[in-house]
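Each chain, written out:
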Amino acid sequence: MIKNGKYFLPPQKDNNNFKELFKHLTSAGAGRPVDENGFPQGPWTADLLAAAITQIDANGSGVDLRTVQLWFQDNDKGISTDNIRWLARVLGCDDPDTTSQWQTALSISNSRLMAERKKKRAAGKLAAQPTPQEVQNIELKPPFETVVRDLGGVSIRHFNLEKTTERLFENQSSFSLPIVVFTAAAALGLIAFTLNIHSVVYTPPIGRAKQVGFLWAPNWTIVFLVILPVYLFFLVELLRSWKNGWRHQLFADQDQTLGLNCWESRVASASYSYWAVLCITVLIASGYNWIATHLIPLVNADVGGWPVDWGKIAIFRPDVISMPSAVVFTGLVFLYNAFCSYIFFAGLIFLNMIAHDFSNIEKELQTASNDRVSHNLEVTRSLIAKGLFRCTALGMLITILMKLQSSFLQTDSTNILEWLATDIRASFGFSDAHEESKIDPQSAPGHFYSFFSMLAIIGTFVNASVRLHVSSLGNLIHIPWFVMNGTMLLLVSTYLLIGSVTGFTIFMFFNLILTIYIVAKPAGGRSGTILET
């Protein structure tokens, strides 16, 4: 029977408990969308069922994946009253009448399971197990969250950073997070227009006038409007494909719950890494950086040893922007930078976790010698490698633009385009090429921040690449490691040469075009496809 485009099974009058009933319904695909022939699109998995419940509009928080996994496992744990409602919505195909019928049937079957459990407890077989009510309370606890009780008996749920971060990257659309970043960057650009600092000229006491407008800074425009959204799109797509697709195919002949639990425990074990990244990006790289380089100079009306940019132009051009407006706007920009920096480096953590997870799964499946498993492992390795390269190469482009802007502020060129054109002319020996004057390198915090960012990106690429090579089953699928490694080496060389040697601009443009071409190439092609069971 089909209801609302989904496969419907009416409740049966039997004596099955919840586990027996649930096993029958999930294997039959009850509540799943149907194909053109009216057959359900396969059985339920824990991932699919959790996603279906989460998509229910009235259920904003959804249900945790670990909770759904407990339903699939062969145990005596029941289902909570709230989750009965959401499961009934799925089985009832979102029809009010059939949903009510299934809610009643599920409640009765859950009561049978609890009664059977009580009998076992009375027989002394499960004396050490919790009561049915405690089981429901345990089921409601999100995984890896510590719950403590105060003297009044009130449960206090601790904030779980790693799971919250994972949810940011697990939205139903791969474009959601990139659109948020792009929209916020566009809003900051619009505010810069209204404050009249999108294009503003600063004339130092000694030297030529310099363009220091907000929209002339590639590290605030090109990075946040183009490169970072594309980076997040590739990262979100890679993470979703790994968790919801490739892992399932690799574990097709194995215990799916075991594989999922391994990923959940891996996320939980990275808790300290996420907190460390949060402290560094928010408190130091954004918070302290804003206070030291913008807030204090603006309050004291003294730029100190920092180069003048759009954030400090109010000290010299109060006719363009007032001090309070500059303080508020720079605060918003660095707050946005804190968010973007955190999700960028959290993405690097996920890249390492995916590569590590794949390496461990490959070791577990080494005993499976059939051609399908070997083929799927090699195809998955190739897809992960290309996703890793895309994300880290885009990260290197971000660091290059950061150093480019920081280096420009240390020169006396009129604007960044003229500076690059001057460097190109100087590389061909034109005598009229302007010799750039330098400021103390310590007055450029962008140099240090971009350098440490580069180290983190290259470390991620090298570490993940090595893990993807561990216990390789052979060269069944061609992976262009030479091209990837060579491109990353060229990008690192580009970063190091910016502002250091004459003619770096030509080398930089060549490498940027090459990187964009390789990143834009489809990830499929010679990689092949993952074979279904």
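Structural data are supplied above this passage.
Residues numbered from 1 in each chain as written. Predicted model: local features only at pLDDT ≥ 70, side-chain atom pairs only at ≥ 80, totals over all residues. Heavy atoms only, no water.

Trainee: Explanation requested: the overall build of the protein in the structure shown.
Mentor: Looking only at helices and strands, one finds 17 helices and 6 strands in the protein. Expressed as a percentage of the 533 residues in the protein, the buried residues total 48%. Counting contacts in the protein only where the partners sit at least 6 residues apart, residues at least 24 apart contribute 71% of the total. Split by element, the accessible area of the protein, about 25,200 Å² in all, is 61% carbon and sulfur. (Helix = DSSP H or I, 4+ residues; strand = E, 2+ residues; numbered from the N terminus. Buried < 20%, exposed > 50% of the residue type's maximum accessible area, 1.4 Å probe, protein only. Contact = heavy atoms within 4.5 Å. Areas by Shrake-Rupley, 256 points an atom, 1.4 Å probe, with all protein chains shown as cover.)

Trainee: Before we go on, may I ask you to explain the pattern of salt bridges in this structure?
Mentor: If the charged atoms of two oppositely charged side chains come close together, the side chains can form a pair. As enumerated under the stated definition, the model contains 10 salt bridges in all. The closest approach of N and O atoms between Glu-418 and Arg-208, which form a salt bridge, is 3.4 Å. Here Arg-208 lies in the loop between β5 (201–202) and β6 (210–211) and Glu-418 lies in helix α14 (residues 416–427), a separation of 210 residues in the sequence. For Glu-418, a relative accessible area of 24% puts it in the partly exposed group. The exposure class assigned to Arg-208 is partly exposed, which follows from its relative accessible area of 32%. The partner of Asp-357 in a salt bridge is Arg-266, with the nearest N and O atoms 3.2 Å apart. Here the residue Asp-357 occupies a position in helix α12 (residues 323–364), and Arg-266 occupies one in helix α10 (residues 256–269), the gap between them amounting to 91 residues. Pair check on accessibility: Asp-357 and Arg-266 agree, each one buried. Shared partners join several salt bridges into a network, and the residues in it are Lys-163, Glu-166 and Lys-243. (Salt bridge = Lys/Arg side-chain N within 4 Å of Asp/Glu carboxyl O.)

Trainee: Help me out: how do you make sense of unusual backbone geometry in this one?
Mentor: Trans peptide bonds make up the majority, and among non-glycine residues the majority have a negative phi. In this structure, Cys-93 takes a positive phi of about 55° despite not being glycine. In this structure, Asn-196 is a non-glycine residue whose phi angle is positive, near 65°. Topologically, Asn-196 is positioned in the loop between α8 (176–194) and β5. Accessibility expressed as a relative area gives 40% for Asn-196, which makes it partly exposed.

Trainee: Quick question: what am I supposed to make of the packing of aromatic side chains here?
Mentor: A ring pair, where both rings are aromatic, is described by two values, the distance of the centres and the angle of the planes. Counting across every chain of the model gives 22 aromatic pairs. Seen from their ring centres, Tyr-202 and Phe-316 are 4.9 Å apart, and the 50° between their planes marks the pair as tilted. Within this pair, whereas Tyr-202 is found in strand β5, its partner Phe-316 is found in the loop between α11 (271–300) and α12, the two being separated by 114 residues in sequence. The exposure class of Phe-316 is partly exposed, given its relative accessible area of 36%. On the numbers, 5.8 Å between centres and 85° between planes, the contact of Trp-220 with Trp-310 is edge-to-face. Note that Trp-220 is positioned in the loop between β6 and α9 (222–250) and Trp-310 in the loop between α11 and α12, a separation of 90 residues in sequence. Assessed through its relative accessible area of 12%, Trp-220 is described here as buried. The lysine or arginine in question, Lys-3, covers the ring of Phe-8, its NZ or CZ lying 5.6 Å from the ring centre. (Phe/Tyr/Trp six-rings, centres within 6.5 Å; stacked < 30°, edge-to-face > 60°. Lys NZ or Arg CZ within 6 Å of the ring centre and 35° of its normal.)

Trainee: Help me understand the environment of Phe-214, please; the structure alone is not making it clear to me.
Mentor: Relative to the helices and strands, Phe-214 is located in the loop between β6 and α9. Phe-214 sits in the buried class, given a relative accessible area of 2%. Taking the C-alpha atoms as reference points, Phe-214 and His-198, 16 residues apart in sequence, are found 4.6 Å from one another. Apart from residues no more than four positions distant in its own chain, Phe-214 is found in contact with Leu-188, Gly-189, Ala-192, Ile-197, His-198, Trp-220, Thr-221, Trp-310, Phe-329 and Val-333.

Trainee: Looking at this structure, I do not really get α8. What am I missing?
Mentor: Structural remark: α-helix, 3.6 residues per turn; residues separated by three or four positions point the same way. Spanning 19 residues, α8 covers 27 Å between terminal C-alpha atoms, matching the ideal 27 Å at 1.5 Å per step. Among the residues of α8, Leu-177, Pro-178, Val-181, Ala-185, Leu-188, Gly-189 and Ala-192 are the ones counted as buried. Burial along α8 is one-sided: seen end-on, the buried residues are contained in an arc of 115°. Facing away from the buried surface of α8 by more than 90 degrees, the exposed residues are Leu-190 and Thr-194. Once α8 finishes, Asn-196 follows within two positions and takes phi at roughly 65°, a positive value. (Expected span 1.5 Å × (residues − 1). Arc of directions from axis to C-beta.)

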